[in-house]
Amino acid sequence: MSKSTDNLQTAIRFAQALDESDDGTIISDMLSVDCVYTVRDEIHLGPDAIIATYVENDKNAQSKFDRVEYQSDVEPLGNIQFAINYLDRLTHSGRTHDHRCQQILTFNKAGLICQIKHVDLPGETESLKSFLDSVGVNLNED
């Protein structure tokens, strides 16, 4: 198999693990020790910090909504970059909202993910905020 095909398969496994609310054990072997995850103005460095962010975000979502479903697809952007298109289906108080975002994965020569960049899609942040306000959910409260 080519390096590009190997990277694509890893990107797909990574996305599927997150869709299944992985506790981090599956994705830890896919991340380089110096992997950088950038989300808006936050930077998370290394597998432990990155996994903790994913796990914490999932636990928070699961605790705030009646139902949370994750779906994704992977799109090659080249041999070492892949876009994961995420769909988070959030249900609360009988209402459902589909939130979409993207993450760009970059692979190093060893075939490990060395960079993850979160991308907010146009209008999605505002649409999510409107839904949260309408169902009385504050993601920043315990």
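Residues numbered from 1 in each chain as written. Predicted model: local features only at pLDDT ≥ 70, side-chain atom pairs only at ≥ 80, totals over all residues. Heavy atoms only, no water.

Caption draft 1: Seen up close, the overall build of the protein chain. Within the protein chain, the regular secondary structure consists of three helices and six strands. Along the chain direction, N to C, the helices and strands of the protein chain fall in the order α-β-β-α-β-β-β-β-α. Taking 142 residues into account, the globule formula puts the C-alpha radius of gyration at 14 Å, and the protein chain, at 15 Å, falls close to it. Taking the principal axes of its C-alpha atoms as reference, the protein chain extends roughly 45 × 25 × 25 Å. Taking all 142 residues of the protein chain together, 42% fall into the buried category. A separation of at least 24 residues holds for 51% of the contacts in the protein chain among residues at least 6 apart in sequence. Taken as a whole, the protein chain presents about 8,000 Å² of accessible surface, with 49% of it coming from carbon and sulfur. Side-chain charges in the protein chain split into 12 positive and 24 negative, and the spacing between the mean points of these groups amounts to 3 Å. (Helix = DSSP H or I, 4+ residues; strand = E, 2+ residues; numbered from the N terminus. Rg over C-alpha atoms; globule rule 2.2 N^0.38 Å. Buried < 20%, exposed > 50% of the residue type's maximum accessible area, 1.4 Å probe, protein only. Contact = heavy atoms within 4.5 Å. Areas by Shrake-Rupley, 256 points an atom, 1.4 Å probe, with all protein chains shown as cover. Lys, Arg positive; Asp, Glu negative; His and termini not counted. Charge placed at Lys NZ, Arg CZ, Asp CG, Glu CD.)

Caption draft 2: Structural view of the pairing of strand β6 (residues 113-120). Across four bridges, the pairing between strand β1 (residues 31-39) and β6 is parallel. Residue Val36 lies in a different strand from β6, and its bridge partner there is Gln115. Where strand β5 (residues 95-107) lies against β6, seven bridges are found, and the strand directions are antiparallel. Its bridge partner lying in β6, Ile104 is registered against Lys117. Between β5 and β6, which follow one another and run antiparallel, lie five residues, and Gly111 among them has a positive phi close to 80°. (Pairing = 2+ DSSP bridges.)

Caption draft 3: The arrangement of the packing of aromatic side chains in detail. For the structure on display, the rule yields four aromatic pairs. Relative to Phe107, the ring of Phe82 has its centre 5.6 Å away and its plane inclined at 90°; by these criteria the two rings are edge-to-face. Placement of Phe82 in strand β4 (residues 81-92) and of Phe107 in strand β5 is noted, with a sequence separation of 25 residues between them. Looking at Phe82, the relative accessible area reads 0%, which means it is buried. (Phe/Tyr/Trp six-rings, centres within 6.5 Å; stacked < 30°, edge-to-face > 60°.)

Caption draft 4: Structural context of helix α3 (residues 124-135). With twelve residues, α3 ought to run about 16 Å at 1.5 Å a step, and its terminal C-alpha atoms sit 17 Å apart, in line with that. Of all the positions in α3, only Glu124, Leu128, Phe131, Leu132 and Val135 are classed as buried. The arc that holds the buried residues of α3, viewed along the axis, is 100°, so those residues lie on one side. Seen from the open side of α3, the exposed residues pointing more than 90 degrees away from its buried face are Glu126, Lys129 and Asp133. (Expected span 1.5 Å × (residues − 1). Arc of directions from axis to C-beta.)

Caption draft 5: Summary view of the sheet that holds β4. An order of β2-β1-β6-β5-β4-β3 is seen for the six strands of this open sheet, with the pairing classed as mixed. In the strand order of this sheet, the two ends are held by β2 (42-45) and β3 (67-76), each with one partner. Averaged over all adjacent pairs, the angle separating strand axes in this sheet is 20°, with direction ignored. Against the sheet, α3 touches β4, β5 and β6, its axis set at about 145° to β5. (Axes fitted to C-alpha atoms, helices over the stretch in contact; angles between N-to-C directions.)

Caption draft 6: The nonpolar core, seen in detail. Residues Phe14, Ile27, Leu31, Tyr54, Leu105, Ile113 and Ile116 are the most contacted members of the largest nonpolar core, which totals 22 residues. Looking at this core, the elements that each hand over two or more residues are α1 (3-19), β1, α2 (47-64), β4, β5 and β6. No other element matches the five residues that α1 contributes to this core. Those residues in contact with Leu105 that lie beyond four places of it in its chain are Ala11, Phe14, Ile80, Gln81, Phe82, Ile84, Ile113, Gln115 and Ile116. Phe65, Tyr70, Leu132 and Val135 belong to the second largest nonpolar core, which has ten residues in total. (Core = buried A, V, L, I, M, F, W, Y, C linked by side-chain atoms within 4.5 Å.)

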